[in-house]
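A look at the structure
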Amino acid sequence: MSEETVEREVENARADAVRQMMDQWKDGKLSDAQDTFNNMMNDRADSMVADRKAEVAAGMFNQSIENIDLPEPTAGEVDVAVPETTAEAEPETE
């Protein structure tokens, strides 16, 4: 689906939720109307957080390799401490 179609569907869903909430007010179902409102706000907040996470992740992982300070590669000389091994101890039997 095109982005325009998706956006239109989201707007229609929001409008339907508002109509449902107004019908609940009219019918005196105030706690149901409050629940509908809370669900609408939670959905919008979740959407905003997800969008922000995507923005931050894109900025974090799209860094150019030229901007990263990497150490100079070695010529294969690496000092690695190798622990000394002793004869294997026999497992204790009980």
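Right above here is the structure, for reference.
This report concerns the structure included in the present document. Counting of residues starts from 1 at the beginning of each chain's written sequence and follows it residue by residue. Totals for whole chains, interfaces and linings use every residue, but because this is a predicted model, local features are given only for residues with pLDDT of at least 70 and side-chain atom pairs only at 80 or more, for both listing and counting. Water and hydrogen atoms play no part in the side-chain values, which are based on all heavy atoms of the structure.

1. Structural notes on helix α2 (residues 30-61)
Two residues of an α-helix separated by three or four positions point the same way, owing to the 3.6 residues in each turn. What counts is decided by this rule: Counting from the N terminus, the helices are the DSSP runs of H or I reaching at least four residues and the strands are the DSSP runs of E reaching at least two. Between the first and last residue of a helix there are one fewer steps than residues, each counted as 1.5 Å, and that sum is the expected span. A simple rule labels every residue: compare its accessible area, found with a 1.4 Å probe on the protein chains alone, to the largest value its type can have, and call it buried under 20%, exposed over 50%, or partly exposed in between.
The terminal C-alpha atoms of α2 lie 46 Å apart, and with 32 residues this matches the ideal 46 Å at 1.5 Å per residue to within 8%. Looking at α2, one finds that the buried residues are Ala33, Thr36 and Met40.

2. Here's the deal with the side chain of Gln24
We count it as follows: Any N or O atom pair separated by 3.5 Å or less is treated as a polar contact, with the protein-specific requirement of one donor-capable and one acceptor-capable atom, and with residues adjacent in sequence counted only for side-chain atom pairs. Contacts are assigned to residue pairs with any non-hydrogen atoms lying within 4.5 Å of each other.
Along the polypeptide, Gln24 turns up in helix α1 (residues 3-26). Of the polar contacts made by the side chain of Gln24, one reaches the side chain of Thr36; its length is 2.8 Å. Not counting the four nearest positions on each side in its chain, Gln24 is found in contact with Lys29, Asp32, Ala33 and Thr36.

3. Things to note about the pattern of salt bridges
Rule in force here: Any Lys or Arg side-chain nitrogen found within 4 Å of a carboxyl oxygen on Asp or Glu counts as a salt bridge.
Taken as a whole and assessed by the stated rule, the structure comprises 4 salt bridges. Taking the shortest distance from any N to any O, the salt bridge between Arg8 and Glu4 comes out at 2.8 Å. With Arg8 and Glu4 both in helix α1 and 4 residues apart, the pair spans about one turn of that helix. Among the ionic pairs, Arg52 bridges to Glu55, the shortest N-O distance being 3.1 Å. Of the two residues, Arg52 and Glu55 both sit in helix α2, 3 residues apart, roughly one turn of that helix. Each member of the pair, Arg52 as well as Glu55, carries the same accessibility label: exposed.

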